[in-house]
Amino acid sequence: MRDGTTPTPGQPQRPRHDGHNGDHAGPDANPLRRPCDRTRTRWHVGLALAVLTALICGAIAGARMWSDATRTARDEAAHRHEATATTLARATGAPAAARFGTPTTLVGASWRAPDGTPRTGKVAVQPRSAEGTTVPIWVDDAGAITHAPRSTADGRFAAVAGGTLVAAALAATAAGVVGLRLRRTEAATLDDWESEWAVVEPLWTHWGRT
């Protein structure tokens, strides 16, 4: 009974490479492979793993920001309310420069809080607006002027952008570290070549003359 390891009589036996007696298996089987080549391979593998880790971290960060943005948009929508303010005077102040859209100026106005309580304050209107002009505004639960609630789409877009930024920053950092190590490895390799050539070159020249 044979176990598959005993050769059949008369059948040539194949040499086995198991890493013993000077034989090497795997990526280091090439006898011309230098230590610096192995170092480069390890750093390239490390870079691939670092980039994969960066992508995972970016996905986790983006998912968390996505969840936070969704919750924030839901909370703001529940606690911010549309209202209408009525100006109490003609807008005569100097207009404030606006980055986008038309310039605006602040003027006193009145409105009601969500519970019906009267409120007064300053609202932005177009220059030279007449007294009694109505302006749509957003107020919080207490009736104070606030910004419109952020939309879920805007929050989710910011989450995707944030996750991408995290992944890109981590990947760029890893690439910079690996690139620096590879340059140092290359410099050390060149130094070794010069040292070895300093020993071989006289012999090479001598053999060439004989």
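Note that the structure is predicted; figures quoted are calculated from it, not measured.

Peer 1: Any chance you could break down the pattern of salt bridges for me, citing the residues and the numbers?
Peer 2: On inspection of all chains with the given rule, the structure shows three salt bridges. Its salt-bridge partner being Asp68, residue Arg71 comes within 2.6 Å of it at the nearest N-O pair. With Arg71 and Asp68 both in helix H1 (residues 35-79), this residue pair falls three residues apart, about one helical turn. Asp68 sits in the partly exposed class, given a relative accessible area of 33%. Between Glu76 and Arg150 there is a salt bridge; the shortest N-O distance is 2.7 Å. Here Arg150 lies in the loop between strand S5 (145-146) and helix H2 (152-209) and Glu76 lies in helix H1, a separation of 74 residues in the sequence. The exposure class assigned to Glu76 is buried, which follows from its relative accessible area of 11%. The network of salt bridges with shared partners includes Glu76, Arg80 and Arg150.

Peer 1: Break down the pairing of strand S3 (residues 118-125) for me, with residues and values.
Peer 2: Bridging between strand S2 (residues 105-112) and S3 involves eight bridges; their strand directions are antiparallel. Opposite Val107, over in S3, you have Val123 as the bridge partner. Here S2 folds back onto S3 in antiparallel fashion, the turn holding five residues, of which Gly116 has a positive phi close to 95 degrees.

Definitions and cut-offs
Residues numbered from 1 in each chain as written. Predicted model: local features only at pLDDT ≥ 70, side-chain atom pairs only at ≥ 80, totals over all residues. Heavy atoms only, no water. Salt bridge = Lys/Arg side-chain N within 4 Å of Asp/Glu carboxyl O. Helix = DSSP H or I, 4+ residues; strand = E, 2+ residues; numbered from the N terminus. Buried < 20%, exposed > 50% of the residue type's maximum accessible area, 1.4 Å probe, protein only. Pairing = 2+ DSSP bridges.

Remember that the coordinates give geometry; whether it matters functionally is a separate question.
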